[in-house]
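Letter by letter, the chains look like this.
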Amino acid sequence: MAGTGGPRGVPADPRRRALVRGHEGAGLRADVRRRPQPGHHPGLLEVLARHRAKATFFLVGERVQAHPELVAAITAGGHEIANHLMRDERSAFVPADQFRRDLARVTELLTPYGPVTWFRPGSGVFTPRMLRTAADQHLRAVLGTLVAGNQGGPGDARIAADLTVGVRPGSIVVLHEGSRKRNGVIATTDELLGTLAGRGLSAVTVKELAALDCGS
């Protein structure tokens, strides 16, 4: 996934969005976007399983090619997969023809593991042209409400608590991993899900969230 920018544990750029459901109609919508990386995903998947939480993983195509076993593990855990373009780069700077090809190629790579409905542009920045291209390929953009900016420093310990303050039913929490400095996202996710469970909120996929919204 691309970097997020913005302060830790505070509202992200409004163009970033992700998803979770709460009990009895109260909802948190958390969409977890990650780069497949050995040694990171297994710990994260264990945390999600322990909390009986589901997430949507926005995956970079180059990493899908390099680590197909991790994509298989994600879907085996009941999580959703989604398109995060081919490379970790700012999609708004990618020429139109290349963007179209890359979007289609990543969907092609992911489809053997499950249906692909969503995409997230690199760095969370999009243009109308990108949205039209995605629509032509039957994809919809998903961005985020809150972002956890793990950087590997002392501030990581405060991220879950800061996020908890801002989370509401329907919030989209963006969690990034895929590099050594973001290893703390596993502990952040564990603490966040535990705290939110006490508020009657549980994590679901973007697909489940969209279904809830349509039914409301």
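As a reminder, the structure under discussion sits directly above these lines.
Just so you know, these numbers come straight off a predicted model, no measurement behind them.

**Quick notes on the packing of aromatic side chains**
Under the definition given, this model contains one aromatic pair. Seen from their ring centres, F99 and F119 are 6.3 Å apart, and the 75° between their planes marks the pair as edge-to-face. Highlighted residues: F99 in helix α4 (residues 96-110) and F119 in strand β6 (residues 118-119), separated in sequence by 20 residues. There is no split in this pair, since F99 and F119 are both buried.

**Brief notes about the pairing of strand β4 (residues 56-59)**
Burial along β4 is two-sided: the residues T56 and F58 and F57 and L59 are all buried. Bridge count between β4 and strand β5 (residues 80-83): four bridges; the pairing is parallel. When the sheet's bridge partners are listed, F58 is paired in β5 with A82.

**Remarks on the packing of helix α6 (residues 159-166) against helix α7 (residues 185-197)**
Put simply, α6 and α7 touch, their axes get as near as 9 Å, and they point 40° apart. Handedness of the α6/α7 crossing: right-handed. Side by side, α6 and α7 meet where I159, A160, A161, L163 and T164 of the first sit next to T188, E191, L192, T195 and L196 of the second. For the contact of α6 with α7, the residue count by class is six nonpolar, three polar and one charged.

**Let's talk about the nonpolar core**
Core analysis: the largest hydrophobic core is formed by 27 residues, its most contacted members being L48, F57, L59, F99, L103, L110 and F119. Those elements giving two or more residues to this core turn out to be α1 (41-50), β4, α3 (68-76), α4 and α5 (128-136). The contact partners of L48, leaving out residues within four places of it in the chain, are A53, A55, F57, H79, T189 and L193. Residues L146, A160, L163 and L175 belong to the second largest nonpolar core, which totals 12 residues.

**As for the environment of V204**
Mapped onto the elements, V204 comes out in the loop between β10 (201-202) and α8 (206-215). Considering only alpha carbons, one finds V204 and A53, 151 residues apart in sequence, at a separation of 6.4 Å.

The rules behind the values
- Residues numbered from 1 in each chain as written.
- Predicted model: local features only at pLDDT ≥ 70, side-chain atom pairs only at ≥ 80, totals over all residues.
- Heavy atoms only, no water.
- Phe/Tyr/Trp six-rings, centres within 6.5 Å; stacked < 30°, edge-to-face > 60°.
- Helix = DSSP H or I, 4+ residues; strand = E, 2+ residues; numbered from the N terminus.
- Buried < 20%, exposed > 50% of the residue type's maximum accessible area, 1.4 Å probe, protein only.
- Pairing = 2+ DSSP bridges.
- Axes fitted to C-alpha atoms, helices over the stretch in contact; angles between N-to-C directions.
- Left-handed = near helix turned anticlockwise from the far one by under 90°.
- Contact = heavy atoms within 4.5 Å.
- Nonpolar A, V, L, I, M, F, W, Y, C, P; charged D, E, K, R; others polar.
- Core = buried A, V, L, I, M, F, W, Y, C linked by side-chain atoms within 4.5 Å.

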